[in-house]
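Structural features, examined
Below are the chains, spelled out letter by letter.
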Amino acid sequence: MATTKTQGEKKKGGQGEKRSSMLPKDHKGAKVPAPTPRLYTYYLKTVRANLAKQFGLGNPHEVPTLQKITLNVGMGEAIKQPKVLDAVVDELAVITGQKPIRTKAKKSIANYGQREGQEIGVAVTLRGARMWEFLDRFISTALPRVRDFRGLNTRAFDGRGNYSLGVKEQMIFPEVNYDLVETIHGMDLTFVTTTNRDDMAFALLRELGMPFRGDDKPIVVQG
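Let me begin by describing the structure that accompanies this report. Per-chain numbering applies: the sequence of each chain, read as written, is numbered from 1 onward. It should be noted that, the model being predicted, local features are given only for residues of pLDDT at least 70 and side-chain atom pairs only at 80 or more, the latter also being counted only at that level, while totals for whole chains, interfaces and linings use all residues. The basis for the side-chain values is all heavy atoms of the structure; hydrogens and waters are excluded.

1. A few points about empty space enclosed by the protein
In this analysis, the protein atoms alone were mapped onto a 1 Å grid. Cavities are point sets where a 1.4 Å probe fits without being able to get out; pockets are open sets with protein on both sides within 12 Å along at least five of seven lines; lining residues have an atom within 4 Å of a point. Grid points are joined across faces, edges and corners, and a volume is the space filled by probe spheres set on the points. Enumeration over the complete set of coordinates arrives at two cavities of 30 Å³ or more. Empty space within the largest cavity amounts to approximately 40 Å³. Around the largest cavity, the lining residues are Met 75, Val 84, Ala 87, Val 88, Glu 91, Glu 182, Thr 183 and His 185. A breakdown of the residues in the lining of the largest cavity according to their chemical character gives four nonpolar, two polar and two charged. Gly falls in the polar group here, along with every residue not listed as nonpolar (Ala, Val, Leu, Ile, Met, Phe, Trp, Tyr, Cys, Pro) or charged (Asp, Glu, Lys, Arg).

Next comes the structure, spelled out in structure tokens:
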């Protein structure tokens, strides 16, 4: 008489359990129109006027705004364990609400066993409503969860109005299910603005609530 294998026997046989995804299968608001992001409304009503007054900008089109936010995760472990990227893809999808893309190596490096075209990372580029929603959650929810946080570095501008920072752990985002995390990893975030001046970009991000180091009274977005 045939018998079914137990869960433990399956693991011994090399089958194991399938990795649990933290992506939600459905949600109640799937068919409900998304409201205008709170931070974008605050930008239109408050930030634009403050920036125009601060820099003496008469033309409203000259007022800087946020163009896109890029999140990038590089995983060196993916060279030997390609499946490690599956969990990272799920995590970034949950954090940003957008499907990430897998980045590939541009050249081969023999010392690391890296081949050209091999998938070694994950990236997401946010624009529009998703960008504003993510920035709002990042400032109000994620950054306060950073251990020993003393403010963001003010010297991370690139000279063309863009700002970059690094996050050491993805666990600062409350959307990540701790029980399903397989590897602790960091990520790089880049905030691209429509201005090529660092002082304008700094003023824009500060007005949006970014808590920079040395700022005694960081702006708190109301509304």
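2. A look at the packing of aromatic side chains
When the centres of two rings from Phe, Tyr and Trp lie within 6.5 Å, Trp using its six-membered ring, the rings pair. Their planes under 30 degrees apart give stacked, over 60 give edge-to-face, and anything left gives tilted. By the definition in use, this model includes 13 aromatic pairs. Aromatic pair Phe 138 and Phe 191: ring centres 6.2 Å apart, planes at 40°, arrangement tilted. Residue Phe 138 is located in helix 4 (residues 128-142), and its partner Phe 191 is located in strand 5 (residues 187-193); the two are separated by 53 residues in the primary sequence. The exposure classification of Phe 138 matches that of Phe 191, with both residues buried. Three or more aromatic residues joined by ring pairs make a cluster, and in this case those are Phe 134, Phe 138, Phe 157, Tyr 163, Phe 173, Phe 191, Phe 202 and Phe 212. We count a stretch as a helix when DSSP gives it H or I for four or more residues in a row; a strand needs E for two or more, and each element gets its number in order from the N terminus. Burial classification: accessible surface area is computed with a 1.4 Å probe over protein chains only, and a residue below 20% of its type maximum counts as buried, one above 50% as exposed, and the rest as partly exposed.

3. So, the packing of helix 2 (residues 38-55) against helix 4
A packed helix pair is summarised by two numbers, namely the angle formed by the two axes and the spacing between the axes. It is at 7 Å that the axes of helix 2 and helix 4 come closest, and there the two elements cross at 95°. Taken together, the axis directions place helix 2 and helix 4 in an arrangement best described as roughly perpendicular. Contacts between helix 2 and helix 4 involve Arg 38, Leu 39, Tyr 40 and Tyr 43 on the former and, on the latter, Trp 132, Leu 135 and Asp 136. Grouping the amino acids of the contact of helix 2 with helix 4 by side-chain chemistry returns five nonpolar, no polar and two charged. An axis is simply a line fitted to the C-alpha atoms; with a helix, the fit covers only the stretch in contact. Between two such axes, the angle follows the N-to-C directions and lies from 0 to 180 degrees. Oblique is the label for any angle not under 35 degrees, not over 145, and not in the 65 to 115 range, which are roughly parallel, roughly antiparallel and roughly perpendicular in turn. Residues count as neighbours in contact if any of their non-hydrogen atoms are within 4.5 Å of one another.

4. Overview of the packing of helix 2 against helix 5 (residues 198-207)
At a minimum axis distance of 10 Å, the contact between helix 2 and helix 5 shows a crossing angle of 145°. Helix 2 and helix 5 meet at a crossing whose hand is right-handed. On the side of helix 2, the interface is formed by Tyr 42, Tyr 43, Val 47, Asn 50, Leu 51, Gln 54 and Phe 55, while helix 5 contributes Asp 199, Met 200, Ala 203, Leu 204 and Glu 207. For the contact of helix 2 with helix 5, the residue count by class is eight nonpolar, two polar and two charged. Take the far helix as the reference: if the near one is turned anticlockwise from it by less than a right angle, the crossing is left-handed, and if turned clockwise, right-handed.

5. What about the sheet that holds strand 3 (residues 119-126)?
Strand order in the open sheet formed by five strands is 2-3-1-5-4, with antiparallel pairing between adjacent strands. Where the open sheet ends on each side, the last strands, each with one partner, are strand 2 (101-104) and strand 4 (162-167). Going across the sheet, the axis of each strand differs from the next one's by a mean of 25°, ignoring polarity. Bridge count for strand 1 (residues 66-74) against strand 5 is six bridges, and the pairing is antiparallel. Bridge assignment links Thr 70 to a residue of strand 5, and that residue is Thr 190. Its contacts with the sheet put helix 3 (residues 84-96) on strand 1, strand 2, strand 3 and strand 5, and the angle it makes with strand 3 is roughly 10°. Sitting on the sheet, helix 4 is in contact with strand 1, strand 3, strand 4 and strand 5, with an inclination near 65° to strand 1. A pair of strands counts as paired when DSSP detects no fewer than two bridges linking them.

6. So, the side chain of Thr 96
With respect to the helices, strands and loops of the structure, Thr 96 is situated in helix 3. Take Thr 96: its relative accessible area is 3%, and that puts it in the buried class. Side-chain polar atoms of Thr 96 contact the backbone oxygen of Gln 98, separated by 3.3 Å. Sequence-distant contacts of Thr 96, defined by excluding residues within four places in its chain, comprise Leu 71, Val 124, Leu 126, Arg 130 and Arg 137. Any pair of nitrogen or oxygen atoms within 3.5 Å is treated as a polar contact; in protein, a donor-acceptor pairing is required on top of that, and neighbouring residues in sequence qualify only through side-chain atoms on both sides.

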